[in-house]
Amino acid sequence: MESTLPQTAPAGDKALPSDLVQPVDEGDELTQLHPGYRTVLRLQTILVFIPILIGALVLETALTGEQEVIPQGLIAGPLLVLAIILVIRLPQRRFAARGYQMSADRLRVVRGILWRSDTVVPFGRVQHIDVDQGPLERAFGIATMTLHTAGTHNASVDLPGLGEEHAREIREEIRAHIKRESL
């Protein structure tokens, strides 16, 4: 992919060396996340809908009581259908919308269905790296890697859904790059 960035500065300014202008090749394919991440997303969606469905059943029971103000299943039925559709479709879409690309000196993280986010983190800005696992992630052998960078806006970038070993390997590779760069 050709860079659309100018290789030189406007007249009167000092020219930029062409090796400093290195666009991230957005045409390259993103690395997909661990397949267990899709299952974790489904379980998280189910856990969100359980209290909603319980609330709907309680409300429906209170309204149907002895007077039968509404027919049974009028509230909980459509919510259950919506929950099933969302548990099947939404995690798959979220999984497909996430990915990453790692080059020699930066990590690109892409995510989002409605609000698309494409974040590039140069390794030189990384201050520390966390690899975290919640109970569901631990059960499926995946982890979330968080890169903390210098700055205030978007100072940390999360990359969930990596295989646990792979997340640790990426962390060590980034640490090695930072160590080489600081020498």
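Residues numbered from 1 in each chain as written. Predicted model: local features only at pLDDT ≥ 70, side-chain atom pairs only at ≥ 80, totals over all residues. Heavy atoms only, no water.

Asks: Go over the overall build of the protein chain with me, naming the residues and quoting the values.
Replies: For the protein chain, the count of helices and strands is four helices and six strands. What you see in the protein chain, going N to C, is helices and strands ordered as α-α-β-β-β-β-α-β-β-α. Looking at the protein chain residue by residue over its 183 residues, the buried ones come to 30%. Here the analysis covers contacts within the protein chain between residues at least 6 apart in sequence; of these, 48% occur between residues at least 24 apart. Summed over its atoms, the accessible surface of the protein chain is roughly 11900 Å², and 58% of this surface lies on carbon and sulfur atoms. (Helix = DSSP H or I, 4+ residues; strand = E, 2+ residues; numbered from the N terminus. Buried < 20%, exposed > 50% of the residue type's maximum accessible area, 1.4 Å probe, protein only. Contact = heavy atoms within 4.5 Å. Areas by Shrake-Rupley, 256 points an atom, 1.4 Å probe, with all protein chains shown as cover.)

Asks: Tell me about the pairing of strand β3 (residues 117-122), residues and numbers included.
Replies: Here six bridges tie strand β2 (residues 106-111) to β3, and the two strands are oriented antiparallel to one another. By the bridge assignment for β3, Arg111 is matched with Ser117. In this structure, the hairpin formed by β2 and β3 is closed by a connection of five residues, where Gly112 is found at a positive phi of approximately 110°. (Pairing = 2+ DSSP bridges.)

Asks: Would you mind going over the sheet that holds strand β4 (residues 126-132) in detail, with residue names and values included?
Replies: Read from one edge to the other, the open sheet built from three strands follows the order β4-β5-β6, with strand pairing classed as antiparallel. Taken across any chain shown, the strands that pair with only one partner, and hence form the sheet edges, are β4 and β6 (156-163). With strand direction ignored, the average angle separating the axes of adjacent strands in the sheet is 20°. Two strands pair when backbone bridges link them, and β4 and strand β5 (residues 142-149) are joined in this way by six bridges, in the antiparallel orientation. Paired with His128 across the bridge in β5 is His148. (Axes fitted to C-alpha atoms, helices over the stretch in contact; angles between N-to-C directions.)

Asks: Quick rundown of the environment of Leu80? Include the residues and the values.
Replies: Topologically, Leu80 is positioned in helix α2 (residues 76-96). A relative accessible area of 43% means that Leu80 is categorised as partly exposed. Separated by 30 residues in the primary sequence, Leu80 and Ile50 place their C-alpha atoms 9.6 Å from one another.

Asks: So what's going on with helix α1 (residues 36-64)? Residues and values would help.
Replies: When the terminal C-alpha atoms of α1 are compared, their 41 Å separation across 29 residues agrees well with the 42 Å that a helix rising 1.5 Å per residue should span. The axis of α1 is deflected most strongly, by about 25°, at Phe49, and proline Pro51 appears within four residues downstream. Restricting attention to buried positions, one finds in α1 the residues Gly36, Tyr37, Val40, Leu41, Thr45, Phe49, Leu53, Ala56, Glu60 and Thr64. Those residues of α1 that are buried lie in contact with α2, α3 (135-140), β5 and β6. (Expected span 1.5 Å × (residues − 1). Bend = angle between axes of the 7 residues up to and from the residue.)

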